[in-house]
Structures are given as C-alpha cells and as structure tokens.
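Structural description and commentary
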Amino acid sequence: MAACIHLDDPAPALEAAFRRIQAERMAGVPLLHAALQVQAVGFARWQGQWLGALVTPWFLNLVLVPGEATGWRSAAEGQRVFHRFAAGDFAFLGNDEPELGEFQTCSLCSPMHGFPDQTTACTTGRMALRMLHVKQPAATLMSARGCERDVAPAPSRRSLLFGRAG
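The present account deals with the structure reproduced in this document. Every chain's residues receive numbers from 1 upward, in the order its sequence appears when written. The model is predicted, so local features are restricted to residues of pLDDT at least 70 and side-chain atom pairs to those at 80 or more, both for listing and for counting; the totals for chains, interfaces and linings are taken over all residues. The basis for every side-chain value is the complete set of heavy atoms in the structure, and neither hydrogens nor water enter the calculation.

As for the overall build of the chain
Runs of E in the DSSP output that reach at least two residues are strands. Runs of H or I that reach at least four are helices, and both are numbered from the N terminus. Across its full length, the chain holds three helices and six strands. When the elements of the chain are put in sequence order from the N terminus, they spell out α-β-β-β-β-β-β-α-α. With 166 residues in all, the chain has 48% of them scored as buried. Every residue pair with non-hydrogen atoms within 4.5 Å of one another is taken to be in contact. Counted over contacts in the chain with a minimum sequence separation of 6, partners at least 24 positions apart contribute 59%. With residues, only the protein chains shown are counted as cover, and all accessible areas are computed by Shrake-Rupley using a 1.4 Å probe. By element, 55% of the accessible surface of the chain is carried by carbon and sulfur atoms, the whole surface being about 8,000 Å². Only protein chains enter the accessibility calculation, which uses a 1.4 Å probe; a residue whose area is less than 20% of its type maximum is buried, one above 50% is exposed, and one in between is partly exposed.

Okay, structure coming up:
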C-alpha cells in the first residue's frame, strides 16, 4: 500500500475521519463519553513524520502520519510496527481511512470515562507526547498490553503518563 504523504499538518484530515467514524460506526455505543469530542492535539514533525495525539469520546491514542516517504514504515491495518522514542519502544497499529490514508496508532486510554472534560483529555495527550521524548528510569519500565515489545518491556502507558509503575 502506498502511503499518502502529508506535507501540511494532518490534524484536520484526522479529525474529519474520526468525526465520520463517530457518526457512522460509533453512533449509540454506550462507551462514548458525552463530554468529549474528536480533537487532534500537538501534531509536530518527528523524524520526518507527523506525531500527535487524538482525543475521541472513546479513546486517547498517539498517532503517527506519514510526512515524507523517506523513513516511513508501512503497516497493514492491524499490523504492529515499533517506533523507538527516548522513553522506549512503542507498538503502533496500522490503520487506513479515506480522509487521511495510511496512519498508525498507539492506544493510551480507552474508554475515556476517567476524564472529566475535553481540556483534561487534551492536556493528557500533550503530556504523553512530551514524555515520549524523556528517557524513563528503569523503575518505571513495565510491559503494557497494546504497547509491548517482543524482546524487552516498554514503559507502560500509565507510568509514562503519570510517572508511576503499576
């Protein structure tokens, strides 16, 4: 599959895709948090690609979108690809939506009922993005379902976000 390269910030296309998904696939699903809406936050270039967070009423994910062909590693839908950050190696799943093309996601939180409002969810997404670039002490390293490495443990999403293990 050929990746659609995004020269400009992919946040508007990502938001359009997930607003459509919310209206079509998620309509009436009880796990939706009524106080939250689809919002892409913190998108910036990372190793030539676009890295940011996506808040929806049903999840908070890290998202990687192709920004240049060089260095982009394609992943079929549902296939894991690992990306190395200062905080460790994280598994991202391949995805594809018409508004955006190919992209990859790493789940941080689902469902979203622990977030009181949109501001808190977006702040958490921005904080997670910052923490990816901080080397984590060995005491905070532990495996997390959905963000596991094949050979060694990665930081758990909770320890990455909140600085604690477990």
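Observations concerning helix α2 (residues 118–132)
With 15 residues, α2 extends 22 Å between its outermost C-alpha atoms, agreeing within 8% with the 21 Å of an ideal straight helix rising 1.5 Å per residue. Looking only at α2, the buried set comprises Gln 118, Ala 121, Cys 122, Thr 124, Gly 125, Ala 128, Leu 129 and Leu 132. Projected onto a plane normal to the axis of α2, the buried residues spread over an arc of 155° and lie on a single side. Facing away from the buried side of α2 by over 90 degrees, the exposed positions are Thr 119 and Arg 130. In protein, a polar contact requires one atom able to donate a hydrogen and another able to accept it; more generally it is a pair of N or O atoms within 3.5 Å, and residues adjacent in sequence count only if both atoms are side-chain atoms. Among the residues of α2, the N-terminal cap falls to Asp 117, whose side-chain oxygen and the backbone nitrogen of Thr 119 are separated by 3.3 Å. Expected helix span is computed as 1.5 Å times (number of residues minus one). Working note: the arc is built from the helix axis to C-beta atom directions.

With respect to the layout of surface pockets
Think of a 1 Å grid over the protein atoms and nothing else: a 1.4 Å probe that fits but is trapped marks a cavity, an open set flanked by protein within 12 Å on at least five of seven lines marks a pocket, and residues with an atom within 4 Å of a point count as lining. Grid points are joined across faces, edges and corners, and a volume is the space filled by probe spheres set on the points. Computed from the structure, the second largest pocket encloses a volume of approximately 230 Å³. Around the second largest pocket, the lining is made up of 18 residues, and of these Phe 59, Asn 61, Leu 93, Asn 95 and Thr 105 lie nearest the centre. Counting residues per element, the ones that place at least two in the lining of the second largest pocket are α1 (11–24), β5 (88–97) and β6 (101–109). Looking at which element gives the most residues to the lining of the second largest pocket, the answer is β5, with five residues. For this classification, the nonpolar set comprises Ala, Val, Leu, Ile, Met, Phe, Trp, Tyr, Cys and Pro, the charged set comprises Asp, Glu, Lys and Arg, and every other residue, Gly included, is treated as polar. A per-class count over the lining of the second largest pocket returns 10 nonpolar, five polar and three charged.

Nothing here speaks to function; it is geometry throughout.
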